[in-house]
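One letter stands for each residue in the lines below.
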Amino acid sequence: METRFCPFCGQPNQPDAQECEFCHARLIPLGEIEKGPESETSSVVPSIEQEPQPEIPEWLRDLRDLKLDETEGEIDEGIIEPVEDLPEWLKSRDDQKGSISLESSETLLSDSLKNESIIGTEAMPIESAAITSDGHTENSISSSSSNEDSLPDADFPDWLKAMPGKEWEDDSDKEEDFFGGVVPPFVDFDESLLDIGLSDSSIVPEEIAGEGVSTSTPSSTQETGEVLEKEIPGGLEDLLAKSMHLETEEKRIEVAGPLAGLSDILPVEPLIAEEKKGFDIFSNLLITEKQRQHAELFEQLIAEEGKTKPIKSAVTEGSSPGLRIFIFVIILAASIFGVLFNPLPGKPSEISVGVFDAMQALTKVSAHSPVLLIVDYEAGDFAEMQTVGFGLIDQLMVKGAYLVLLSTNPLGALQGDRLIRQINLRGNHDYEEQTDWVNLGYLPGSSAGIQQFIQSPRITLPLTSHNQNIWATKEMKNIQKIGDFALVVVMTENASQARTWIEQLNGNITPNQVVFLVSSQIEPVVEPYYASISPQIGGLVAGINGGAIYETQAGRNGMALLYWDAYGLIVSSSVFLILFGILVNTIGKFRQSSSKKAEGK
Amino acid sequence: MNLSADWLNFTMMLVSAMLTLIIFSYIFGDHFLFHLAVALFIGVSAAIGCLTIYHSVLYPALIQPIIQDPIRGWITIAIPLLLSCLLFFKLSQRWSFMGNPSLAIMAGVGAATVVGGAIKGTLFPQIGASITQFDLQAMKAASVNPIVGLIEGGVILFGTITTLAYFHFGAHLTSEGKLQRTSWIEPLSWIGKFFIAVALGWIFSGILRAGYIAFLERVRFMIDLILDLLRVI
């Protein structure tokens with residue numbers, strides 16, 4: 001179904017609609033309305049009857065009704081009988097034959113000309129006519145202005161008479177000053193416009209010509225039109241023709257929109273109101289190419305945000321319990337075999353520089369020298385840490401050092417206690433708590449607590465885990481800061497904890513007094529602090545490998561050497577399993593790809 | 001010989017062996033006993049932690065001063081006690097803001113020590129160490145071949161630069177609309193992957209070895225227990 005688009009708001013409407021549903025503007029221009037029998041009359045009322053509208057002023061409705069009764073069969077164009085409710089200036093028009101038509105046409109002309117020019121306080125409709133006309137425009141206007149005195153004096157309303165610079169005849173018989181002496185702005189016009197070439201009243205409506213007004217009706221619209229075509233170019237000609245046309249037609253009353261009920265409304269659509277397009281120069285944003293790319297990128301991101309991305313179905317492999325059990329059996333068999341039979345003879349023969357430096361650091365430790373042993377590892381790593389630290393702690397016990405245990409881990413204090421007892425038992429030492437070693441317990445506060453302990457250990461931990469004050473003993477009475485200890489040994493499997501201790505000890509103790517016993521999993525993290533040209537730690541023993549080397553060099557069979565054979569066997573089995581798995585996977589994928597190729601062919 | 005102590009040790013060894021076997025049985029799949037063993041471990045660890053904190057921190061810092069000298073003790077612990085009590089407000093959603101001062105102090109002090117230590121203890125020394133790799137006099141003092149030392153220093157420096165380049169994520173938009181890093185960073189980043197892979201592989205092997213030792217220790221424990229039982233029997 002075709003839709004009729006409103007020329008004002010552009011909204012679609014029904015094809016048979018008269019007015020827009022949204023803005024109530026006329027959809028059918030006045031020029032397109034078909035002329036009916038009633039349209040030939042010049043009365044106001046018939047036009048209303050043809051298009052009845054609910055919102056017509058009452059006075060206008062009455063006027064129309066009156067006209068219907070009184071003007072039946074009247075054909076005379078341009079004659080409007082006076083109505084009682086009409087304003088005076090409109091009534092005065094009825095007295096003169098054809099004057100109303102001329103005035104209306106003049107009004108139409110003036111209004112239409114006004115619309116052609118700038119609409120403001122000073123409407124210059126006739127000026128545009130003056131600009132576009134050819135030849136003796138000014139003279140015609142001036143001559144027409146000079147003929148104003150010859151115009152019939154009874155037909156001009158007061159507002160027209162009150163034009164500045166004009167000499168009007170006495171309007172004493174005027175009953176009402178419609179505008180109260182105020183000249184409407186649209187009345188002002190340039191006198192030169194009078195010279196528009198309409199001086200020939202025989203072919204030009206007398207109201208427009210302004211000279212020698214005759215009562216002849218502008219019936220010869222065609223002749224007029226010809227003259228207009230000759231002398232008046234462009235849009236003005238159309239407007240004048242339209243005004244002429246409107247004279248012979250009925251007065252059209254606006255029935256829709258805000259001007260409903262008013263007559264002599266110039267149709268805006270589509271002759272005058274042109275659909276103007278926006279300026280193209282303002283439709284494109286002034287942005288750089290980079291900004292445009294960024295904007296497009298954002299648009300893509302926003303557009304993709306709401307889209308649900310397809311989830312790739314992951315290829316799930318089975319849990320493979322058989323493979324897990326197979327690997328477990330291999331590892332278990334290797335460990336049992338290694339523990340029971342020690343198939344791999346020998347001990348580690350290589351010399352580690354870190355182990356060597358750690359052993360060198362112990363040379364400064366004498367009997368009853370206070371050695372701070374920091375135990376910072378979890379219970380699950382006890383097995384490895386005892387293999388790492390057995391050699392060095394055993395050697396400290398051999399030297400008779402006074403061990404002071406400390407931990408920043410709540411469970412570390414118990415781990416340290418267990419470690420000392422284990423080494424004491426394994427190494428056949430006779431170390432007793434409180435006399436040969438003490439446990440300061442848990443050091444709270446993480447890095448802040450460590451720093452406080454480094455600065456003032458007595459204040460930070462005044463009592464041991466058994467609530468004893470050891471700072472007054474002969475071994476501890478000279479300890480004021482951490483640098484007063486003969487040696488500081490840090491045991492940890494946590495990389496961040498190791499780094500924290502190194503950073504906090506830096507500058508508060510000489511590097512040669514610090515030895516780190518670490519798990520093999522954090523050896524890469526601690527190695528740079530030791531291996532630099534200006535090391536921050538004096539010695540480094542990492543993993544069971546370092547512990548085994550230490551024990552070998554020290555000539556003591558500790559935990560590291562106890563597990564060395566089985567450890568070697570397990571590692572070898574693991575290497576074998578890894579290589580076997582790589583081989584199986586590679587062969588399997590090769591066969592799979594070859595089978596796919598065969599199927600593809 | 002203390003019979004009760006021996007029996008207690010023997011009982012604890014049996015319990016330890018049983019728990020070890022339960023953990024090993026996880027190889028056959030998840031089951032109730034494994035969850036029980038894990039829960040037991042977590043519970044015991046938490047209990048020991050709480051007791052240690054109370055015994056090492058709360059009692060000597062908050063309770064003992066009051067017992068020894070009430071007036072002076074209260075003065076000593078007033079501010080720490082107040083800040084500690086404010087932390088309890090964090091449990092309430094409405095009054096959680098009351099605990100902000102305590103958290104602010106903890107965060108501020110902690111950050112200060114960590115940042116200061118990191119800058120002074122790690123950043124500057126490690127940068128200096130990277131630079132001094134090319135110190136010929138230090139090489140001579142350490143009896144290191146200068147050529148070997150320079151090669152080692154070059155490899156270390158190259159590895160450091162390429163590893164840092166890998167973590168550079170600045171990119172620009174190409175004419176085709178794709179995001180791409182700077183042309184000279186891309187190849188360095190690609191090489192840095194190998195150094196990172198080597199470091200991660202080293203760390204992983206260390207984790208693996210630590211696990212082997214833990215497994216080995218448990219296996220040895222079980223073997224020793226079985227052998228002791230066989231001897232008794």
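Residues numbered from 1 in each chain as written. Chains lettered and ligands numbered in written order. Predicted model: local features only at pLDDT ≥ 70, side-chain atom pairs only at ≥ 80, totals over all residues.

**Considering the overall build of chain B**
Selection rule: Helix and strand definitions follow DSSP, with helices as H or I runs of at least four residues and strands as E runs of at least two, each counted in order from the N terminus. Every C-beta atom is placed from the backbone, and the number of other C-beta atoms within 10 Å of a residue's own sets its class: buried at 20 or more, exposed at 12 or fewer, partly exposed in between. Distance between backbone-placed C-beta atoms decides contact: two residues are in contact if it is within 7 Å.
Looking only at helices and strands, one finds seven helices and two strands in chain B. Ordered by position in the sequence, the α and β elements of chain B form the string α-α-α-α-α-α-β-β-α. Put simply, chain B has 233 residues, and 8% of those count as buried. Sequence-distant contacts, at least 24 apart, represent 30% of the contacts inside chain B between residues at least 6 apart.

**Let's talk about the overall build of chain A**
Looking only at helices and strands, chain A has 21 helices and eight strands in total. Expressed as a percentage of its 601 residues, the buried residues of chain A come to 38%. The long-range fraction of contacts in chain A, counting pairs at least 24 apart against all pairs at least 6 apart in sequence, stands at 69%.

**Comments concerning the interface of chain A and chain B**
Buried accessible area, meaning the area lost when the parts come together, often serves as the stated size of an interface. Each partner contributes to the interface: chain A provides 52 residues, whereas chain B provides 45 residues. Sort the elements by how many residues they give to the side of chain A that touches chain B and helix α12 (residues 321–341) of chain A lands first, with eight residues.

**A closer look at the sheet that holds strand β7 (residues 514–518) of chain A**
Residue and element names in this part refer to chain A. Selection criterion: Strand pairing is defined by DSSP finding a minimum of two bridges between the two strands. Fitting a line to C-alpha atoms yields each axis, with helices limited to the stretch in contact; the angle taken between N-to-C directions then spans 0 to 180 degrees.
With parallel pairing, six strands are arranged side by side in an open sheet as β5-β4-β3-β6-β7-β8. Two strands lie at the open edges of the sheet, namely β5 (437–442) and β8 (539–542), each paired on one side alone. Taken pair by pair, the neighbouring strands of this sheet meet at an average axis angle of 15 degrees, ignoring direction. The pairing of strand β4 (residues 402–407) with β5 spans four bridges and is parallel. Note on β5: the bridge partner recorded for L405 is N439. Here helix α13 (residues 353–361) sits on the sheet in contact with β6 (487–492), β7 and β8, set at roughly 125 degrees to β8.

**Topic: the nonpolar core**
To keep it simple, the criterion reads: We define a nonpolar core as a collection of buried residues of the types Ala, Val, Leu, Ile, Met, Phe, Trp, Tyr and Cys that are connected via C-beta atoms lying within 7 Å of each other.
With 84 residues, the main nonpolar core has A:V371, A:L403, A:V404, A:V488, A:V489, A:V515 and A:Y563 as its most contacted residues. The leading source of residues in this core is helix α21 (residues 559–600) of chain A, at 10 residues.

**Let's talk about the pairing of β7(A)**
All names here are of chain A. Across the five residues of β7, five count as buried, placing the element largely inside the fold. Residue alternation in β7 divides its side chains into two sets, V514, F516 and V518 and V515 and L517, and both sets are buried. The pairing of β6 with β7 spans five bridges and is parallel. Looking at β7, one finds that V489 is bridged to V515. Pairing of β7 with β8, which is carried by four bridges, proceeds in the parallel orientation. Within β8, the residue paired with L517 across the bridge is V541.

**Some words on α12(A)**
Where we set the bar: A helix is expected to span 1.5 Å multiplied by its residue count minus one. Starting at the helix axis, one direction is taken to each C-beta atom, and the arc is that of these directions.
When the terminal C-alpha atoms of α12(A) are compared, their 29 Å separation across 21 residues agrees well with the 30 Å that a helix rising 1.5 Å per residue should span. All buried positions along α12(A) are accounted for by A:A334, A:S335 and A:G338. Looking straight down α12(A), one finds its buried side chains confined to an arc of 95 degrees; they lie on one side. For α12(A), the exposed residues lying more than 90 degrees away from the buried face are A:P321, A:G322, A:I325, A:F326, A:V329, A:L340 and A:F341. Elements that come into contact with the buried residues of α12(A) comprise α21 of chain A together with α7 (185–232) of chain B. Once α12(A) ends, the next one or two residues include A:N342, with phi positive near 45 degrees.

**Overview of the packing of helix α14 (residues 382–399) of chain A against α21(A)**
Residues and elements named next belong to chain A. Where we set the bar: Comment on the angle field: the value is read as roughly parallel under 35 degrees, roughly antiparallel over 145, roughly perpendicular from 65 to 115, and oblique elsewhere. Three categories are distinguished: nonpolar for Ala, Val, Leu, Ile, Met, Phe, Trp, Tyr, Cys and Pro, charged for Asp, Glu, Lys and Arg, and polar for the others, with Gly belonging to the last.
At a closest axis distance of 7 Å, the pairing of α14 and α21 adopts a crossing angle of 135 degrees. Taken together, the axis directions place α14 and α21 in an arrangement best described as oblique. Contacts from Q386, T387, F390 and G391 of α14 reach α21 at M559, A560 and Y563. Looking at the contact of α14 with α21 residue by residue, the class counts come to four nonpolar, three polar and no charged.

**A closer look at the confidence of the model for chain A**
Residues and elements named next belong to chain A. Rule in force here: The predictor rates its confidence in each residue with pLDDT, a number between 0 and 100.
Per-residue confidence for chain A gives a mean pLDDT of 74; residues scoring 70 or more make up 62%. Below pLDDT 50 for its whole length, residues 114–153 participates in 106 contacts with residues either more than four positions away or in separate chains. This stretch, residues 197–222, has a pLDDT under 50; its non-local contacts, to residues over four places away or in other chains, come to 68 contacts.

**A word on the environment of B:R181**
All names here are of chain B. In this fold, R181 is placed in strand β2 (residues 179–181). Judged by C-beta crowding, with 15 C-beta atoms within 10 Å, R181 ranks as partly exposed. As a C-alpha pair, R181 and A171 span 10 residues in sequence and 4.2 Å in three-dimensional space. Beyond its immediate sequence surroundings of up to four residues, R181 is in contact with G170, A171, E186 and S189.

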